[in-house]
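# Results of the structural survey
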Amino acid sequence: MGEYFAILFGAIFIYNFVLTRFLGICPFLGVTKRVETSVGMSAAVVFVMVMASIITWLIQIYILEEFGLQYLRTIAFILVIASLVQFVEMAIQKLSPALYEGLGVFLPLITTNCAVLGMAILNIQEQYNILQSIVHAIGAAIGFAIAMVVLAGIRERLELATLSRYYKGASVALIAAGILSVAFQGFAGMM
Amino acid sequence: MSITKEFSKGIIKENPVLRLLLGLCPVLGVTTTAMNGLGMGLASTFVLLCSNIVVSLLRSVIPKKVRIPCFIVVIATFVTIVDMSMNAFLPDLHANLGLFIPLIVVNCMILGRAEAFASKNSLPYSISDGIGMGVGFTVALVLLGGMREILGAGAIFDYSFTPEAFEPFAVFASPAGAFIGLGFLLAGMNLLSKKLKLD
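Computed from a predicted structure; not experimentally measured.

### Quick word on the overall build of chain A
- A tally of regular secondary structure across chain A gives nine helices and zero strands.
- Secondary structure elements of chain A occur, N-terminal to C-terminal, as α-α-α-α-α-α-α-α-α.
- The C-alpha radius of gyration of chain A comes to 17 Å, within 12% of the 16 Å expected for a compact globule of 191 residues.
- A total of 191 residues make up chain A; the buried ones form 46% of that total.

Shown next, in the form of structure tokens:
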């Protein structure tokens, strides 16, 4: 039990995907202008990450390792993630139009979100078993969501601040993210 | 539209990192030193150039509806080639760049150029666009890597030039330094493009 907690806690705070591992920076800067959109994006990421962690793990163990095809890992994983995102999008549209309204626009963006592929590759590199992979995926997605929502909150306030025009937009958002990252470094002492 | 113009636009006017904000994950992730930045920049340039060539050659064959998966397969093939050759010939650099080598696949700059440029233009233009964008990406990585290496370790390309009394800013070697450094670089770029009247 403690081991699973360590993976979960590590993925959320210590090795936060956005602020420490630098994965998923594009949506981190792109959709954090408002808190609402960042919550929508985070929800879609949680969903896709957990599904992707299960499917890529099964593919790695039962297809790639079984037939000695590990060198195809990058191609196989990105194709699986791309089709998974497409499939999830169609399924949600059919099953729950309300949820689709909420998540719809964010789903296609997730294919090129490197946090999903990065999480799948890390699961294999760390040689996690399936349960550990799922826990790692949940932790990674929660960590991503926390970073997104916190930065969106900061950026909404920054809109009102008086700033040199050269720092407006992405520049000041990155500097704010840097200070946020310093705060997350503090968690490293807890392990 | 001229070939030299397609080449030069990627370096300053449409610099993928500093102007278009594309492919920021490797930019932040690997730039602890100028050398890592250079290695990552060249690896990405190779993938971008090859994918631009293949996509441009196949642009009339690939059906519109499945173009994105097709582009991704092309890109992933070249990333696998880079991954394996770097592992064989430059194992130290490969270990430093780590996870970010397979992640070149999802670098939005490369998919972006395939979609916005190579799938619509003929081979010579696509080659020149690929090299120009790749050089612009590499320049940005080396700039940020150099800045972090000088401030965070007092060295450049592993050559230490600062006096003993210089105390490096540890924050620039840490993840936070990447965000802050890039933030200042972007502000500098905004200033420069204002002065050059690019907007």
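Okay, back to it.
### Section: unusual backbone geometry
Residues and elements named next belong to chain A.
- Here the phi dihedral of Phe22 falls at roughly 60°; this positive angle occurs in a residue that is not glycine.
- Along the chain, Phe22 turns up in the loop between helix H1 (2–14) and helix H2 (25–30).
- Here the phi dihedral of Gln127 falls at roughly 55°; this positive angle occurs in a residue that is not glycine.
- Position of Gln127 relative to the elements: it lies in the loop between helix H7 (114–125) and helix H8 (130–158).

### Regarding the interface of chain A and chain B
- The interface is formed by 31 residues belonging to chain A together with 33 residues belonging to chain B.
- If you tally residues by element for the side of chain A that touches chain B, the top one is helix H9 (residues 170–185) of chain A, at 10 residues.
- Taken together, the residues of the side of chain A that touches chain B sort by class into 23 nonpolar, eight polar and no charged.

### Digging into the packing of H9 of chain A against helix H9 (residues 175–195) of chain B
- Packing of H9 of chain A against H9 of chain B leaves a shortest axis separation of 7 Å and a crossing angle of 170°. Compared by their axis directions, H9 of chain A and H9 of chain B come out roughly antiparallel. Along the contact surface, H9 of chain A presents Ala170, Ser171, Val172, Leu174, Ile175, Ala177, Gly178, Ser181, Val182 and Gln185 of chain A, while H9 of chain B presents Pro175, Ala176, Phe179, Ile180, Leu182, Gly183, Leu186, Ala187 and Asn190 of chain B.

### With respect to the confidence of the model for chain A
- The pLDDT averaged across chain A works out to 84; a share of 96% of its residues lies at or above 70.
- Confidence scores differ between elements of chain A, with helix H6 (residues 107–110) of chain A showing the lowest mean pLDDT of 72 and H8 of chain A the highest of 90.

### Things to note about the packing of helix H3 (residues 35–64) of chain A against H7 of chain A
Residue and element names in this part refer to chain A.
- Running from N to C, H3 and H7 point in directions that differ by 40°, and their axes come no closer than 9 Å. Here H3 is positioned oblique relative to H7, judged by the angle of their axes. Here H3 and H7 pass one another in a crossing that is right-handed. In this structure, H3 uses Val45, Val48, Met49, Ala52, Ser53, Thr56, Trp57 and Gln60 to contact H7, whose residues at the interface are Ala115, Val116, Met119, Ala120, Asn123 and Ile124.
- Taken together, the residues of the contact of H3 with H7 break down into 10 nonpolar, four polar and no charged.

What counts, and where the lines are drawn
- Sequence order sets the numbering: in each chain, residues are counted from 1 along the sequence as written.
- Following the order in which they are written, the chains are lettered starting with A and the ligands numbered starting with 1.
- With the structure being a predicted model, the display of local features is reserved for residues of pLDDT at least 70 and the display and counting of side-chain atom pairs for 80 or more, all residues being used for whole-chain, interface and lining totals.
- The numbering of helices and of strands both runs from the N terminus, where a helix is a DSSP run of H or I of at least 4 residues and a strand a run of E of at least 2.
- Both definitions apply: the radius of gyration is a C-alpha atom measure, and the globule rule equals 2.2 Å times residues to the power 0.38.
- For every residue, the other C-beta atoms within 10 Å of its own C-beta are counted; 20 or more classify it as buried, 12 or fewer as exposed, and values in between as partly exposed. C-beta atoms are placed from the backbone.
- By the criterion used throughout, residues are in contact when their C-beta atoms, derived from the backbone, lie within 7 Å.
- Three residue categories are used. Nonpolar comprises Ala, Val, Leu, Ile, Met, Phe, Trp, Tyr, Cys and Pro, charged comprises Asp, Glu, Lys and Arg, and polar comprises the others, including Gly.
- Working convention: axes come from line fits to C-alpha atoms, limited for helices to the stretch in contact. Angles between N-to-C directions cover 0 to 180 degrees.
- The labels follow the angle: roughly parallel below 35 degrees, roughly antiparallel above 145, roughly perpendicular from 65 to 115, and oblique for the rest.
- Per-residue confidence from the predictor is reported as pLDDT, a score between 0 and 100.
- Left-handed describes a crossing whose near helix is turned anticlockwise from the far helix by less than a right angle; the clockwise case is right-handed.

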